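Reading the structure
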Amino acid sequence: MSRLFDTAVSSGIPALPAHARRAAPLALDALPENDLVRHHVNLSRKNLCVDSSFYPLGSCTMKYSPKAGEAVASEPGFLQAHPWQPDSEVQGVLQALGELQQDLAAVTGMEAVCLYPAAGAHGELCALKTARQYFRLRGDTDRTEVLVPENAHGTNPASAAMSGLTVVVVKMDATGRVDLADLRQKVSNRTAVLMLTNPNTLGLFETCIEDVARAVHDAGGLLYYDGANLNAILGRVRPGDMGFDMVHVNLHKTFSIPHGGGGPGAGPIGVKSHLAPYLPGPFLKREEGAWGWAEADRRSIGRYHGAFGNFLNLLKAWVYLRLLGDEGIRRVSLGAVLNANYLQEKLRPMFPIPYGHGRCMHEFVASAIALKDKFGVSAMDVAKRILDEGLYAPTVYFPLLVREALMIEPTETERRETLDRFVELMQTILREAETNPQRLHDAPIRTPVRRVDDVRAARHPILK
Amino acid sequence: MGAPADLKFTKEHEWLRLTGSVGVVGITQFAADQLGDVVYVDLPAPGKEAKQSDVLASIESVKAVSDIYAPVSGKVTRVNADLAATPELVNSDPYGRGWMMEIEVKSPSDASSLLSPQEYEKHINSGK
């Protein structure tokens, strides 16, 4: 036996030639490749994402991101295109951008689209600056107020403040919609823009939208559509037809590109033609079949993004729309609204739904107030317990006007069995609230990180 | 815990303890409970003048940032410096050590528009 090992064995496979070999090892800590791979794979497993579980985070439209978009965005022709390449070498890139502009204009009822904003809030800023420029160049400089309903997303008043405008809050009526009487009192010749999400943050369609639009337009103001909830109405009704002059769309919500971890977001804006000259440039043009760029003139508010926006993400949205087509786009909103109503009806016997007297749109807001009053179990406890089952939680404590709010948006990309499992989990949590509330206060116990002390973090932040 | 009998209240959940022309202002137990753990209170500099219902301060909790309105017109004479290091006093003792500002009240008759403890209790029970 031992003799077998004594023999020098040669396989004849040549070693790397000397010129391709390092003379000395790199001055790095040595770690085998597999350890590095395991480190990253294990880190990724600690993450909850739409690829691993149901993600009913309200107002965020965490729909599944089809992998077809990734495949197209990985094509070398797109992946390695450089922003400053001659237009003639990137005609396919420019065509995709041009067609996406047309598609977004078509689904929102707008006449010009700017793809540059890198997120919804960036889109809001860009649009408000565009509106200001429109008024400034008309000599209408007293319009300094932005009206926002009290249940608006926090970004709306923040964007107004960032644009140097003053926020005026419009009240809601008892049904959870814009209070028309209050709006009519607050619009004036100082009104620049009304910012509105429709359906609103309670998941309710603003049924008086035409009256709202008339009130703002009669006072000389503009209407801005916050596209956070566009998923509910896609292919059914268009912001442009409701009277809106400007919109932003969140490509990482309605148009399925990944949120966060998949790269930067994108929040293109669309406007009616009277606002188009003021948009950030440069503008895409097509002359004699060739795509190219045209610099904006002095009316434009200038550039708002390096190069031409987050191109690979824009591309994924283009793939999404072209995969769906007209009929598929209509089925998106149909499925989103159907799934939300299914869950609303299933949860109705378990939780109060303060503004849920009728049908909801793509989401609804339940309240854990009964659990809180009876068993001391908060919306936060419920959310943390959901994490223990490997699911993501609904949005909690928003909108603020619903106490112990649980804002639930299932999206159209979940099947009924998934929704039923979520309902069963909520039943389990209700039983636990009664029999073992401590289990809910302790949750999560199975996640890589347990409950974070957000109070201490906010009171004593370590900033360095 | 009910609303203390010696205080006046606003619908926005501020309280006012008026002694002659000196008013002390804070937020109610209900407001503190709704906000959850308070992490920061942004108080005005003494000398700041405000009309009734003007925004005078803001309060940040883990859930939200909210404005605090002047319950009556007047000038701020003193603020509770303890809240800078221990904002949790607003949660633990809203009517006592969690006080926020002392105001030199311009016209004490402003206070007649405020709610009595009973009226305030009714207001919060109505769900608004």
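Before reading on, note that the structure itself is shown above.
Below you will find a few notes about this structure. A quick note: this is a predicted structure, and the numbers were derived from the prediction, not measured.

**Regarding the interface of chain A and chain B**
- Counting from both sides, the interface comprises six residues of chain A and, opposite them, six residues of chain B.
- By residue class, the composition of the side of chain A that touches chain B is four nonpolar, no polar and two charged.

**Topic: the nonpolar core**
All names here are of chain A.
- Core analysis: the biggest nonpolar cluster contains 121 residues, and Tyr 224 and Met 246 have the highest contact counts within it.
- Looking at which element gives the most residues to this core, the answer is helix 11 (residues 311-347), with 15 residues.
- Of the residues that make up this core, three or more belong to each of domain 1 (68-324) and domain 2 (326-451).
- Once you skip the residues sitting within four places of it in the chain, Met 246 turns out to touch Ala 127, Ala 131, Leu 222, Tyr 224, Tyr 225, Ile 269, Gly 270, Val 271 and Leu 275.

**Topic: the sheet that holds strand 10 (residues 364-367) of chain A**
Residues and elements named next belong to chain A.
- Ordered in space as 10-12-11, the three strands form an open sheet in which the pairing is antiparallel. Only two strands of the sheet have a single partner each, and these edge strands are strand 10 and strand 11 (395-396).
- As paired elements, strand 10 and strand 12 (residues 405-408) share four bridges and run antiparallel to each other. Each residue of the ladder has a partner; that of Ala 366, found in strand 12, is Leu 406.

**Observations regarding the environment of Asp67(B)**
Residue and element names in this part refer to chain B.
- In this fold, Asp 67 is placed in strand 7 (residues 65-69).
- Distance in space between the C-alpha atoms of Asp 67 and Ala 31 is 12 Å, their sequence separation being 36 residues.
- When neighbours within four sequence positions are excluded, Asp 67 is seen to be in contact with Val 55 and Ser 58.

**A short note on helix 13 (residues 379-387) of chain A**
Residue and element names in this part refer to chain A.
- Counted residue by residue, helix 13 has nine buried out of nine residues, so it is predominantly covered.
- The set of residues buried in helix 13 consists of Ala 379, Met 380, Asp 381, Val 382, Ala 383, Lys 384, Arg 385, Ile 386 and Leu 387.
- On its buried face, helix 13 sits against strand 11, strand 12, helix 14 (416-435) and helix 15 (437-442).

**Quick word on unusual backbone geometry**
All names here are of chain A.
- The linkage connecting Gly 281 with the following residue, Pro 282, adopts the cis geometry, with an omega of -5 degrees.
- By the secondary structure assignment, Pro 282 is in the loop between strand 7 (269-271) and strand 8 (283-287).
- The omega angle of the peptide bond from Phe 398 to Pro 399 is -10 degrees, so this bond is cis rather than trans.
- The residue Pro 399 is located in the loop between strand 11 and strand 12 in this model.

**Let's talk about the pairing of strand 3 (residues 22-27) of chain B**
Residue and element names in this part refer to chain B.
- As paired strands, strand 2 (residues 14-19) and strand 3 are joined by six bridges and run antiparallel to one another. If you follow Leu 16 over to strand 3, its bridge partner there is Val 25.
- Between strand 2 and the antiparallel strand that follows it, strand 3, lie two residues; Gly 20 among them carries a positive phi value of about 65 degrees.
- Looking at chain direction, strand 3 and strand 9 (residues 101-105) are connected through four bridges and run antiparallel.

Parameters at a glance
- Residues numbered from 1 in each chain as written.
- Chains lettered and ligands numbered in written order.
- Predicted model: local features only at pLDDT ≥ 70, side-chain atom pairs only at ≥ 80, totals over all residues.
- Contact = placed C-beta atoms within 7 Å.
- Nonpolar A, V, L, I, M, F, W, Y, C, P; charged D, E, K, R; others polar.
- Core = buried A, V, L, I, M, F, W, Y, C linked by C-beta atoms within 7 Å.
- Buried ≥ 20, exposed ≤ 12 C-beta atoms within 10 Å, placed from the backbone.
- Helix = DSSP H or I, 4+ residues; strand = E, 2+ residues; numbered from the N terminus.
- Domains from an automatic or database assignment.
- Pairing = 2+ DSSP bridges.

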